[in-house]
Amino acid sequence: MERETMCIQAGYTPQNGESRMIPIIQSTTFKYDTSEDMGKLFDLEAEGYFYTRLQNPTNDMVAAKICALEGGTAGMLTSSGQAANFFSVFNIATCGDHVVCASTIYGGTFNLFNVTMRKMGIDFTFVDPDCSDEELKNAFKPNTKAVFGETIANPALVVFDIERFANAAHAHGVPLIVDNTFATPINCRPIEWGADIVTHSTTKYMDGHDATVGGAIIDGGKFDWMAHADKFPGLTTPDDSYHGITYAEKFGLGGAFITKCTAQLMRDFGSIQAPMNAYFLNLGLESLAVRMPRHCENAQKVAEFLQGHEKVAWVTYPGLPGDKYYERAKKYMPNGTCGVISFGLKGGRAAAEAFMKKLKVAMIATHVADAHTCILHPANSTHRQLTDEELIAGGVGPDLIRLSVGIENVKDIIADLEQALASIQ
Ligand SMILES: *Cc1c(COP(=O)(O)O)cnc(C)c1O
């Protein structure tokens, strides 16, 4: 199947007389004929559902669609993108371990790693995604368990060199985790470039309509945990909480990561997506392949307009010829990148505030990557807990404005920006 078809059809095939749409199984629990039947589920000896804190059929159908789109072997939904990124790392790195991470990642993920997960005893080394080979090599430690980056960094719009980081990760016997939220599998499939685990904030383009917060984790099924058994005891040694099963042995390359993540982390943390939200997410997924090209087309025109405007100091958009990441974007995303643009005004921080007050079509919202055009000044909102040094290291300077171009008629978006720009001194 092509991706356009998967968006509509993957994950659920109704049988004779069954509902055409993915059904919402709005139930906390599931009934069995005998205790033995249920016991097999608790032992991970049989597949099935017993409690929606761990797994729900609606969620699994939607996860299977995303898994197909990404070209993975197994997938799961989480309650948010934050939960997806937390689980993806915590599933293989615990107290005393270390992770190499691109410094330009989303502020929320940066805080999760650099503050909260450090408190859990996990160490992170943040590297410039364009660092030298020497610097990258030096970032690894004997206790490194994973490498993490974003296909297109939110909001720095740095295009991640997936192949290079995958090779570095594999040379050190660890997997590469890629947050593919901004590109979506319509524009880039990180697994094809060597990534092992892919995560999403489905809150963004996948849902696409500002309706539901959610996340997803997809396993590419290629990383050989057993070949690096000493590094990943959680996958390669018996789990006492399930009568001593060893995930990598019992569920193989394709299933071990997601099964462990569900059986241990979802069981204990319960960061499950509500089945109703999974249903809404599926509605968004059905049109994803139609919406993404429109986002990219609109963003390209808006970026060109901004670049030619006298009051605009700079524009970053990987689709603009001359952009630092133009060539790399062409390699990884030949059909377009995303709808998000960042730019700065000649008047800096103060001009940004004045300009944003005048906008009518583009609305100020702590959100990006959906049908509605929205705008944000990160230094004053999402990233305000970061210092100026951290902002610059993360590629989000104090003057940066993040504009998420929606799928309205681009003439209305440009006219709105034009009148707001005209109003500032
Ligand atoms: C929004 C976002 C997240 C966090 O996702 P939530 O669904 O808001 O928890 C993680 N990564 C990226 C790239 C994001 O844009």
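Student: Looking at this structure, how should I read the pattern of salt bridges?
Tutor: Side-chain pairing between opposite charges can occur once the charged atoms of the two side chains come close. This model, assessed by the stated rule, comprises 12 salt bridges. Linking Asp123 and Lys141 is a salt bridge whose minimum nitrogen-to-oxygen distance equals 3.0 Å. One end of the pair, Asp123, is in strand E3 (residues 123-127); the other, Lys141, is in the loop between helix H6 (133-139) and strand E4 (144-150), and 18 residues separate them in sequence. With a relative accessible area of 25%, Asp123 lands in the partly exposed category. Accessibility expressed as a relative area gives 37% for Lys141, which makes it partly exposed. Of the charged contacts, one joins Arg328 and Asp130 as a salt bridge, the two residues approaching to 3.0 Å between their closest N and O atoms. Remark: Asp130 occurs in the loop between E3 and H6 and Arg328 occurs in helix H13 (residues 326-332); sequence separation between them is 198 residues. Each member of the salt-bridge network shares a partner with another, and the members are Arg118, Asp123 and Lys141.

Student: Would you take a moment to explain the packing of helix H12 (residues 288-307) against helix H16 (residues 410-423) for this structure?
Tutor: The description of two helices packed together rests on the angle between their axes and the distance between the axes. H16 packs onto H12 with a crossing angle of 25° between their chain directions and a minimal axis gap of 10 Å. Taken together, the axis directions place H12 and H16 in an arrangement best described as roughly parallel. Considering the relative orientation of H12 and H16, their crossing is right-handed. Contact residues: H12 offers Asn298, Lys301, Val302, Phe305 and Leu306, while H16 offers Val410, Ile413, Ile414, Leu417, Glu418 and Leu421. Looking at the contact of H12 with H16, its residues break down into 8 nonpolar, 1 polar and 2 charged.

Student: I'm lost on the site of the ligand in this one. Help?
Tutor: With respect to spatial proximity, 16 residues lie near the ligand, and among them Asn154, Asp179, Ser201, Thr203 and Lys204 are the closest. At a separation of 2.9 Å, an oxygen atom of the ligand approaches a polar backbone atom of Gln82. Taking Lys204, its side chain carries an N or O atom lying 2.6 Å from an oxygen atom of the ligand. Ranked by residue count, the leading element in the shell around the ligand is helix H4 (residues 81-90), at 3 residues.

Student: Where do I start with a nonpolar patch on the surface in this structure?
Tutor: Taken together, the side chains of Ile24, Met276, Phe280 and Leu283 present a nonpolar region at the surface, about 310 Å² in accessible area. By relative accessible area, Met276 is classed as partly exposed at 39%.

Student: In this structure, what is going on with the environment of Arg294? I would like to understand it.
Tutor: The topology assignment puts Arg294 in helix H12. Measuring from C-alpha to C-alpha, the distance between Arg294 and Arg3 comes to 16 Å, with 291 residues separating the pair along the chain. Contacts of Arg294, omitting those with residues within four sequence positions, involve Ile407, Glu408 and Asn409.

Student: Quick question: what am I supposed to make of the packing of aromatic side chains here?
Tutor: Any aromatic ring pair is given by two values, namely how distant the centres are and how the planes are angled relative to each other. Here the structure, examined in full by the defined rule, presents 20 aromatic pairs. Taking 4.7 Å as the distance between ring centres and 10° as the angle between the ring planes, the aromatic pair formed by Phe113 and Phe124 counts as stacked. Of this pair, Phe113 sits in helix H5 (residues 107-119) while Phe124 sits in strand E3, and the two are 11 residues apart along the sequence. Grouped by ring-pair contacts, the aromatic residues Phe110, Phe113, Phe124, Phe126 and Phe148 constitute a single cluster. The side chain of Lys204 reaches across the aromatic face of Tyr106, ending 5.1 Å from its centre.

Student: Sorry, what's going on with the sheet that holds strand E10 (residues 363-364) here?
Tutor: Pairing between the strands of a sheet comes from backbone hydrogen bonds, and it takes one of two forms, parallel or antiparallel. Across the sheet, which stays open at both edges, the 5 strands sit in the order E8-E9-E12-E11-E10 with mixed pairing between neighbours. The outermost strands of the open sheet, each flanked by one partner alone, are strand E8 (312-316) and E10. Pairing of E10 with strand E11 (residues 374-376) involves 2 bridges; the strand directions are parallel. In the sheet register, Met363 faces E11, and the bridge partner there is Cys374.

Student: What is the right way to read the nonpolar core from this model?
Tutor: Side chains of a nonpolar character, in soluble globular proteins, are inclined to be buried together. With 107 residues, the main nonpolar core has Val89, Phe113, Met117, Leu176, Ile217 and Trp225 as its most contacted residues. In contact with Phe113, not counting residues within four places along its chain, are Asn85, Val89, Cys101, Ile105, Arg118, Phe124, Phe126 and Phe148. Of all hydrophobic cores here, the second largest spans 30 residues; its members include Met356, Val410, Ala420 and Ile424.

Student: What exactly am I supposed to notice about helix H3 (residues 57-70) here?
Tutor: Note on helix geometry: an α-helix contains 3.6 residues per turn, so any two residues three or four positions apart are oriented the same way. With 14 residues, H3 should reach 20 Å at 1.5 Å per residue; the first-to-last C-alpha distance of 20 Å fits that figure. Pro57, Thr58, Asn59, Met61, Val62, Ala63, Lys65, Ile66, Cys67, Leu69 and Glu70 are the residues of H3 that are buried. Residues of H3 that are buried sit in contact with helix H1 (3-9), strand E1 (74-78), helix H8 (184-187), strand E6 (197-201), strand E7 (215-219) and helix H11 (275-286). Capping the start of H3 is the job of one residue whose side-chain oxygen sits 2.8 Å from the backbone nitrogen of Thr58: Asn56. In the segment just after H3, Gly71 is the residue with positive phi, at about 75°.

Rules used in this analysis
- Residues numbered from 1 in each chain as written.
- Predicted model: local features only at pLDDT ≥ 70, side-chain atom pairs only at ≥ 80, totals over all residues.
- Heavy atoms only, no water.
- Salt bridge = Lys/Arg side-chain N within 4 Å of Asp/Glu carboxyl O.
- Helix = DSSP H or I, 4+ residues; strand = E, 2+ residues; numbered from the N terminus.
- Buried < 20%, exposed > 50% of the residue type's maximum accessible area, 1.4 Å probe, protein only.
- Axes fitted to C-alpha atoms, helices over the stretch in contact; angles between N-to-C directions.
- Parallel < 35°, antiparallel > 145°, perpendicular 65-115°, else oblique.
- Left-handed = near helix turned anticlockwise from the far one by under 90°.
- Contact = heavy atoms within 4.5 Å.
- Nonpolar A, V, L, I, M, F, W, Y, C, P; charged D, E, K, R; others polar.
- Near = heavy atom within 4 Å.
- Polar contact = N/O pair within 3.5 Å; in protein donor to acceptor, adjacent residues only side chain to side chain.
- Patch = residues over 30% accessible without salt bridge, like charges linked within 9 Å, V, L, I, M, F, W, Y side chains within 5 Å.
- Areas by Shrake-Rupley, 256 points an atom, 1.4 Å probe, with all protein chains shown as cover.
- Phe/Tyr/Trp six-rings, centres within 6.5 Å; stacked < 30°, edge-to-face > 60°.
- Lys NZ or Arg CZ within 6 Å of the ring centre and 35° of its normal.
- Pairing = 2+ DSSP bridges.
- Core = buried A, V, L, I, M, F, W, Y, C linked by side-chain atoms within 4.5 Å.
- Expected span 1.5 Å × (residues − 1).

These figures capture arrangement, not role.
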